[in-house]
There are 2 protein chains.
Amino acid sequence: MAKRHAKYMQIKEHLLRGIASRRFRDSLPSENELAQKFGVSRMTARRALSDLELEGYALRIPGKGTFVQNRRSTQGFFRVRPFRKHAEEHHVTPRTRVLEVTVVEPPKEVAERLRCRQTILVRRLHYFEEEPVRFETRYLRSDLCADILWENLEFESIHEILIHKLNLPLTQVWQRLEAVGVPEEVASLFGVPSGSPAFRMERVTYTFEEPVTRVEYFMRGELYAFEDTFCPQLENV
Amino acid sequence: MAKRHAKYMQIKEHLLRGIASRRFRDSLPSENELAQKFGVSRMTARRALSDLELEGYALRIPGKGTFVQNRRSTQGFFRVRPFRKHAEEHHVTPRTRVLEVTVVEPPKEVAERLRCRQTILVRRLHYFEEEPVRFETRYLRSDLCADILWENLEFESIHEILIHKLNLPLTQVWQRLEAVGVPEEVASLFGVPSGSPAFRMERVTYTFEEPVTRVEYFMRGELYAFEDTFCPQLENV
DNA sequence: CAGTGGTCTAGACCACGTC
DNA sequence: ACGTGGTCTAGACCACTGC
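What this report covers is the structure whose coordinates are included nearby.

The rules behind these values
- Residues numbered from 1 in each chain as written.
- Chains lettered and ligands numbered in written order.
- Predicted model: local features only at pLDDT ≥ 70, side-chain atom pairs only at ≥ 80, totals over all residues.
- Heavy atoms only, no water.
- Helix = DSSP H or I, 4+ residues; strand = E, 2+ residues; numbered from the N terminus.
- Contact = heavy atoms within 4.5 Å.
- Near = heavy atom within 4 Å.
- Polar contact = N/O pair within 3.5 Å; in protein donor to acceptor, adjacent residues only side chain to side chain.
- Nonpolar A, V, L, I, M, F, W, Y, C, P; charged D, E, K, R; others polar.
- Buried < 20%, exposed > 50% of the residue type's maximum accessible area, 1.4 Å probe, protein only.
- Salt bridge = Lys/Arg side-chain N within 4 Å of Asp/Glu carboxyl O.

1. Regarding the side chain of B:Asp51
Argument step 1. Looking at where B:Asp51 falls in the secondary structure, it is placed in helix 3 (residues 42-54).
Argument step 2. Here B:Asp51 is in contact with B:Tyr8 and B:Lys12, once residues within four sequence places are set aside.

See the structure below:
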């Protein structure tokens, strides 16, 4: 649909990269500024800004301007939720142990999703207090994420690193959630019987149509739950 | 925002009235037709049609045309999803067996959520083809939903009955999703070993701040998954 | 080929907010 | 008065579909 070479798409990408390093309510360029800067008509610059508002990244106020918008409210249930924030909301101390960081050729299923044969593999175990609750197996495209090897993955959210340090704004997500019994390998890490109930989530994250990382989580069923309140649309007639 | 007297709004209203009496996949007027008919420029006619697509009422296909879209496409992960629709999307034949419909005093936990001591209890088992996949235990406030006793709960979605027959628009939802092992009672209904992995979902539905119904689902883990694609907002700093 | 939607231009007028 | 976003025009070129 939205072709990547369209001018308004390029302007959107430029703005999204800017938004990643700005704060809530910071001002964004006006339609006229953008039109002049990119040498396009005002309608084209406008299209970029309006799209961002529709997608929730910006707030436009007639007579005032366009501002970075940051409501966390709507995605709710399946929001991409960094582990530390999850922990904060439950008032427990989070801890992360890095089990493995290597450069590998990924399994072919992952290679297809990431359209890439060179990846960084990260395995981490996440704790609430001293209790292991989530096991993470993540592949990152090494052409895009090589710099992540320099980061401290015990204390920093990979999500945040991608967005703010590697300048890879998170623009699209595919994910799948299952209820499973934990496989043996994970069970021993969790210290629970093999087959205990757990969530399994698989997620692929994109920057502008470009896949960046694929992650698989196992989350202990007794300790994890998704909870949310929202307002659905009224159904059609 | 969108002023009612804007020309594109008038065209939208005209189209929406038309859509109500058309069928899924019926063709809608083209941009040029609308521009001529309403004496506006193509960009204005286009705005009306594009808006309808964004709002889920229409599907636009380059080179072909614009068509009435009926299913709400935005299928968020946790959309309130009637069972039959879920089945349709997976191309399997759904079936529902009603196990119990009684008037009861609910457990105190449910009574608190519904703020009510008189409820209708419905237990149903849902099948894909001949395979049981979901078990439902639902309490409905009898002061609001008494008429549901007259409905055929084997063929009709309770969700639809509440909205369209009892005139209880669904304005808010609270829900919680867990990964659990199925309890014995449910395991025997499913025909699986007790403790097999499953989703457990609890949901309370409101009409204008007024709780209407509380439902608990068990869904077989091997047969159920939530999958979605979406565009997240950037996270806060 | 003609028709469709997708993008884009270079102007225009308006209502609104700030100064 | 000036800048902002909201609407609108009358053209244009493109890629795609169906015939």
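That was the structure; now back to the text.
2. A look at the protein's contact with DNA strand D
Argument step 1. Neighbouring residues of DNA strand D: 27 residues in total, closest A:Arg42, B:Lys7, B:Tyr8, B:Ser41 and B:Thr44.
Argument step 2. Per the 4 Å cut-off to the protein, sugar and phosphate atoms form 68% of the nearby atoms of DNA strand D.
Argument step 3. The contact in question runs from a phosphate oxygen of DNA strand D to an N or O atom on the side chain of A:Thr66, over 2.9 Å.
Argument step 4. The contact in question runs from a phosphate oxygen of DNA strand D to an N or O atom on the side chain of B:Tyr8, over 2.8 Å.
Argument step 5. Put simply, the parts of the chain that give the surface near DNA strand D at least two residues each are helix 2 (31-38), helix 3 (42-54), strand 2 (58-61) and strand 3 (65-68) of chain A together with helix 1 (7-20) and helix 3 of chain B.
Argument step 6. Its residues assigned to classes, the surface near DNA strand D shows ten nonpolar, eight polar and nine charged.

3. Let's talk about unusual backbone geometry
Residue and element names in this part refer to chain A.
Argument step 1. One non-glycine residue, asparagine 167, lies in the positive phi region at around 60°.
Argument step 2. Inspection of the secondary structure assignment puts asparagine 167 in the loop between helix 7 (158-165) and strand 7 (172-181).
Argument step 3. With relative accessibility at 36%, the residue asparagine 167 sits in the partly exposed group.

4. Things to note about the protein's contact with DNA strand C
Argument step 1. Neighbouring DNA strand C are 27 residues, the closest being A:Lys7, A:Ser41, A:Thr44, B:Arg42 and B:Thr66.
Argument step 2. Among atoms of DNA strand C positioned within 4 Å of the protein, sugar and phosphate together represent 69%.
Argument step 3. The contact in question runs from a base nitrogen of DNA strand C to an N or O atom on the backbone of B:Gly63, over 3.1 Å.
Argument step 4. At the level of elements, helix 1 (7-20) and helix 3 of chain A together with helix 2 (31-38), helix 3, strand 2 (58-61) and strand 3 (65-68) of chain B are the ones that each hand at least two residues to the surface near DNA strand C.
Argument step 5. Tallying contributions element by element places helix 3 of chain A first for the surface near DNA strand C, with four residues.

5. What to know about the pattern of salt bridges
All names here are of chain A.
Argument step 1. Summed over all chains, the structure comprises 39 salt bridges over all chains.
Argument step 2. Between glutamate 202 and arginine 200 there is a salt bridge, and its shortest N-O distance comes to 3.4 Å. Judged on exposure class, the residue glutamate 202 and its partner arginine 200 are both buried.
Argument step 3. Bridged by salt links that share partners, the residues Arg113, Glu178, Arg200, Glu202, Arg214 and Glu216 form one connected network.

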